[in-house]
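# Structural overview
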Amino acid sequence: MTPTEIAQIDQQHLWHPFTPNSLWLGPDHSPLSIASGEGAWLIASDGRRYLDGNSSIWTNLHGHAHPKINQAIKSQLDRIAHSSFLGLTHEPAVHLAQQLLRYTRLSSESPNLNRVFFSDDGSTAIEAGLKMILQSFAQNGQGQRTQFISPQGAYHGDTVGAMSLSHSPTFHHHFQPVLFPTQKVMTPACYRCPFNRAKPEQADARSYRKCNFECASMAEEAIEHAEDRLAAWVLEPRVQGAAGMVMHPHGYAKRTATAARKVGAKVFFDEVLTAFGRTGTSLASHAEEVTPDVLALAKGLTGGYLPLAATLTTEEIFQSFSGDINRTFFHGHSYTANPLGCSAASASLDLLESSEEIKKRERLVQNLSTLSSTFWKHPYVGDVRQEGAILAIELVADRATRTPFQSEKRLGANICHTARKFGLITRPIRDVLVLIPPYCTRPEELEKMVDALHQAIAQELGS
Ligand SMILES: Cc1ncc(COP(=O)(O)O)c(C=O)c1O
């Protein structure tokens with residue numbers, strides 16, 4: 001098919017996620033079709049090359065068409081693509097589970113996660129975790145523990161359970177009548193925090209905040225108040241992705257997890273975005289020195305190659321499903337533990353643990369940090385925040401008052417669209433521009449990504 005045919009048939013028959021019809025089908029829109037990938041590059045059907053500035057929606061870790069991951073998938077494909085995991089097992093899943101339990105262990109002294117439940121994507125990993133927690137409490141004589149608390153803006157996916165744990169009105173308000181009620185606490189977002197008395201500076205707002213850590217105290221209070229009705233404190237540790245790459249003040253996850261444990265509730269961490277080195281450590285929760293009771297992993301699990309997710313939990317939770325047959329976890333999916341996905345994930349974890357790749361990632365994080373300061377030259381930049389290999393640039397109409405641009409301007413979206421002309425593909429969250437480069441991104445490629453964003457900002461805002 002020619003690029004034009006692909007675009008035409010797409011517009012006639014396909015339906016894309018998180019994509020307004022008015023824009024996708026608009027007269028000026030010509031869908032961009034990606035034909036292949038190579039390292040940090042995406043190559044369009046018409047041959048144009050783009051840097052993958054958001055790691056293909058935060059999934060890709062080591063770059064596209066990595067020979068080791070490709071080979072792992074091909075070798076597995078020659079054996080079998082898929083067999084059921086209901087009542088059967090296979091080596092790729094067993095091997096990956098061992099790797100994951102080692103990789104997610106905080107230290108040899110820390111309590112460990114000991115069970116891995118596979119599913120397909122971030123939403124299903126959350127759904128599984130939520131049901132594990134509820135059923136486990138019910139089977140332990142604590143059926144009254146049905147409450148969940150998470151911060152405002154939390155996003156855990158689009159299935160009904162995951163939407164219920166989220167607090168993302170833009171995405172989920174149509175479904176509110178059928179979601180089960182959960183409680184929210186304020187977002188720990190220093191740049192926009194009503195308790196932060198600091199005047200705006202040209203730095204990450206977390207570094208100059210003046211407050212008494214009210215966000216953590218308020219979450220602790222809500223948790224204490226819920227007492228023995230609380231099932232779990234649910235958190236995207238360190239970075240709330242879809243909320244706008246909101247980066248928490250360090251220590252927030254630890255304080256709130258401690259509060260949850262005090263009232264006997266579970267700590268449920270969603271590291272769908274933050275795991276696998278994205279925030280600088282193996283898991284974001286490692287930096288907070290917390291081992292959750294339930295951990296959701298997806299996106300980068302396969303290095304961004306295949307849909308696979310995992311919900312890890314403790315032996316204690318697992319054992320609460322033992323004994324009577326009615327205690328079985330009646331939950332699962334046809335493609336649970338897909339062997340191709342497991343093989344890709346094992347190859348990705350091998351790469352993550354190789355010292356050469358660790359050095360590469362550290363260099364990338366350092367270069368990203370150096371380049372991040374260049375964004376302050378634009379007068380409409382209000383906050384520049386970074387956590388590991390995630391960089392977020394928040395644009396504001398007025399830097400002194402932190403006044404946002406009118407949402408109808410769709411400024412972030414327009415800038416990212418313009419960035420394509422300069423060879424960069426990325427996606428904003430409202431007016432927060434995001435760079436999440438794959439770890440293989442070379443210094444000169446990273447400079448190109450940053451430069452493309454600068455040019456796009458300048459073109460849209462004349463700065
Ligand atoms: C933190 C977090 N949890 C869960 C999800 C849902 O994952 P998926 O889109 O794979 O269902 C996302 C997706 O962006 C996410 O960022």
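These figures come from a predicted structure and were not determined experimentally. (Residues numbered from 1 in each chain as written. Predicted model: local features only at pLDDT ≥ 70, side-chain atom pairs only at ≥ 80, totals over all residues. Heavy atoms only, no water.)

## Quick word on the pattern of salt bridges
Inclusion rule: One speaks of a salt bridge when a side-chain nitrogen belonging to Lys or Arg is within 4 Å of a carboxyl oxygen belonging to Asp or Glu. Counting from the N terminus, the helices are DSSP H or I runs at least four residues long and the strands are E runs at least two residues long. For the exposure calls, accessible area comes from a 1.4 Å probe over protein chains only, and a residue counts as buried if that area is under 20% of its type's maximum, exposed if over 50%, partly exposed in between.
Across all of its chains, the model carries 18 salt bridges by this definition. Here Glu-289 and Lys-254 are joined by a salt bridge, their closest N and O atoms 4.0 Å apart. One end of the pair, Glu-289, is in the loop between helix 12 (284-287) and strand 11 (294-297); the other, Lys-254, is in helix 11 (residues 252-262), with 35 residues separating them in the sequence. A relative accessible area of 55% means that Glu-289 is categorised as exposed. Asp-383 serves as the salt-bridge partner of Arg-385, at 2.7 Å between the closest nitrogen and oxygen. Taken individually, Arg-385 and Asp-383 each receive the classification buried, so the pair is uniform in this respect. Linked through salt bridges whose partners overlap, the residues forming this network are Asp-204, Arg-206, Arg-238, Glu-288 and Glu-387.

## Description of the domain arrangement of the chain
What counts here: Those domain boundaries reflect an automatic or database domain assignment. Contacts are residue-level and defined by heavy atoms, with any inter-residue pair within 4.5 Å sufficient. The term buried area refers to how much accessible surface (probe radius 1.4 Å) is lost by two components on association, counted for both of them together. Polar contacts, as counted here, are pairs of nitrogen or oxygen atoms within 3.5 Å of one another; within protein the pair requires one atom able to donate a hydrogen and one able to accept it, and residues that are adjacent in sequence qualify only if both atoms are side-chain atoms. Each residue receives one of three labels: charged for Asp, Glu, Lys and Arg, nonpolar for Ala, Val, Leu, Ile, Met, Phe, Trp, Tyr, Cys and Pro, and polar for the others, Gly being one of them.
You can read the domains of the chain as domain 1 (32-65 + 355-461) and domain 2 (70-353). Relative to domain 2, the C-alpha centre of domain 1 lies at a distance of 25 Å. Listed per partner, the contact involves 38 residues of domain 1 and 37 residues of domain 2. When domain 1 packs against domain 2, close to 3300 Å² is buried across both sides, 52% of that on carbon and sulfur atoms. On the domain 1 side of the interface with domain 2, the three residues burying the most area are Trp-58, Glu-387 and Arg-402, jointly 24% of the side's total. As a salt-bridge pair, Glu-387 and Arg-238 come within 3.8 Å of each other at their nearest N and O atoms. In this structure, the connection of domain 1 to domain 2 is made through 24 residue pairs in polar contact (both at pLDDT 80 or more). Broken down by class, the residue content of the side of domain 1 that touches domain 2 amounts to 19 nonpolar, ten polar and nine charged.

## Describing the environment of Gly-303
Along the polypeptide, Gly-303 turns up in the loop between strand 11 and strand 12 (309-313). A C-alpha to C-alpha distance of 6.4 Å links Gly-303 and Ala-345, two positions 42 residues apart in sequence. Leaving out residues up to four positions away in the same chain, Gly-303 has contacts with Thr-59, Asn-60, Leu-61, His-62 and Ser-348.

## Concerning the layout of surface pockets
This is how the line gets drawn: Grid points spaced at 1 Å and placed over the protein atoms alone form the basis of the search, with a cavity being a set where a 1.4 Å probe fits but cannot get out and a pocket an open set showing protein on both sides within 12 Å along at least five of seven lines. Lining residues have an atom within 4 Å of a point. Grid points are joined across faces, edges and corners, and a volume is the space filled by probe spheres set on the points.
Within this model, the second largest pocket holds a volume of roughly 690 Å³. If you go around the second largest pocket, you meet 26 residues; those closest to its centre are Phe-85, Val-116, Phe-117, Phe-118 and Phe-318.

## Here we look at the packing of helix 16 (residues 411-421) against helix 17 (residues 443-461)
To be explicit about the condition: Only C-alpha atoms enter the line fits that serve as axes; for helices the fit covers just the stretch in contact. Angles between N-to-C directions range over 0 to 180 degrees. Roughly parallel covers angles under 35 degrees, roughly antiparallel covers those over 145, roughly perpendicular covers 65 to 115, and oblique covers all other angles. Left-handed describes a crossing whose near helix is turned anticlockwise from the far helix through less than a right angle; right-handed describes the clockwise counterpart.
The geometry of helix 16 relative to helix 17 is characterised by a closest axis approach of 8 Å and an angle of 125° between their N-to-C directions. The angle between helix 16 and helix 17 places the two elements in the oblique class. Between helix 16 and helix 17 lies a crossing of right-handed hand. Counted together, Leu-411, Asn-414, Ile-415, Thr-418, Ala-419 and Lys-421 of helix 16 and Ala-452, Leu-453, Ala-456, Ile-457, Gln-459, Glu-460 and Leu-461 of helix 17 form the full contact between these two elements. Residues of the contact of helix 16 with helix 17, tallied by class, amount to eight nonpolar, three polar and two charged.

## Section: the site of the ligand
Put simply, the test is: In these notes, residues near a molecule or strand are those with any non-hydrogen atom within 4 Å of it. Computed with the Shrake-Rupley method and a 1.4 Å probe, the accessible areas treat only the protein chains shown as cover for residues.
Within the structure, the ligand sits among Trp-58, Asp-121, Gly-122, Ser-123, Tyr-155, His-156, Gly-157, Glu-236, Asp-270, Val-272 and Lys-299. Residue Ser-123 places a side-chain N or O atom 2.6 Å away from an oxygen atom belonging to the ligand. In this structure, a nitrogen atom belonging to the ligand sits 2.6 Å away from a side-chain N or O atom of Asp-270. If the ligand stood free it would expose 380 Å²; the protein chains cover 84% of that surface. Tallied by class, the residues present in the shell around the ligand amount to three nonpolar, four polar and four charged.

## Section: the side chain of Ser-164
Residue position: Ser-164 is located in helix 7 (residues 160-165). On the accessibility criterion, Ser-164 (3% relative accessible area) is buried. A polar side-chain atom of Ser-164 sits 2.8 Å from the main-chain carbonyl oxygen of Val-160. Here Ser-164 is in contact with Leu-179, Phe-180 and Thr-182, once residues within four sequence places are set aside.

## Considerations on the nonpolar core
Test applied: To form a nonpolar core, buried Ala, Val, Leu, Ile, Met, Phe, Trp, Tyr and Cys residues must be joined to one another through side-chain atoms within 4.5 Å.
Within the largest apolar cluster, 78 residues are counted, with the highest numbers of intra-cluster contacts made by Leu-100, Trp-233, Tyr-252, Phe-276, Phe-375 and Ile-415. Among the elements that make up this core, the one with the highest residue count is helix 17 (eight residues). Here this core spans two domains, and each of domain 1 (32-65 + 355-461) and domain 2 (70-353) adds at least three residues to it. Apart from the residues within four sequence positions on either side, Ile-415 is in contact with Leu-395, Leu-433, Leu-453, Ala-456, Ile-457, Glu-460 and Leu-461. In terms of nonpolar packing, the next biggest core, distinct from the first, is built from 21 residues, Phe-148, Ala-162, Phe-268 and Ala-298 among them.

## Regarding the sheet that holds strand 15 (residues 424-425)
Two pairing modes exist for strands in a sheet, parallel and antiparallel, and in both the strands are linked by backbone hydrogen bonds. Formally: Here the rule is simple: two strands pair whenever DSSP picks up at least two bridges between them.
With respect to topology, four strands assemble into an open sheet ordered 1-2-3-15, the strand pairing being mixed. The sheet is open, and its two edges are formed by strand 1 (34-38) and strand 15, each paired on a single side. As judged from the two bridges shared by strand 3 (residues 49-52) and strand 15, these two strands associate in the parallel manner. Paired with Leu-51 across the strands is Leu-424, a residue of strand 15.

## Considerations on the packing of aromatic side chains
Applied cut-off: Centres within 6.5 Å make a pair out of two Phe, Tyr or Trp rings, where for Trp the six-membered ring is used; the pair is then stacked when the planes are under 30 degrees apart, edge-to-face when over 60, and tilted otherwise. Two limits define a charge over a ring: the Lys NZ or Arg CZ must be within 6 Å of the ring centre, and within 35 degrees of the ring normal.
Tallied over the full model, the rule gives eight aromatic pairs. On the numbers, 5.6 Å between centres and 80° between planes, the contact of Tyr-155 with Phe-171 is edge-to-face. Here Tyr-155 is found in the loop between strand 5 (147-151) and helix 7, whereas its partner Phe-171 is found in helix 8 (residues 169-172), with 16 residues between them in sequence. A network of ring pairs unites the aromatic residues Phe-18, Tyr-155 and Phe-171 as a single cluster. Over the ring of Trp-41 we find Arg-49; its NZ or CZ atom is 4.9 Å from the centre of that ring. Sitting over the face of the ring of Phe-137, Arg-145 holds its NZ or CZ atom 5.2 Å from the ring centroid.

## Section: the pairing of strand 5
When a strand is regular, its side chains alternate between the sheet's two faces. Most of strand 5 sits inside the fold, with four of its five residues counted as buried. Direction of pairing for strand 5 relative to strand 7 (residues 230-235): parallel, over a ladder of three bridges. Of the residues in strand 7, the one forming a bridge with Gln-147 is Leu-230. As defined by bridge partners, strand 5 adjoins strand 6 (residues 183-185) across three bridges and the pair is classed as parallel. In the sheet register, Ser-150 faces strand 6, and the bridge partner there is Lys-184.

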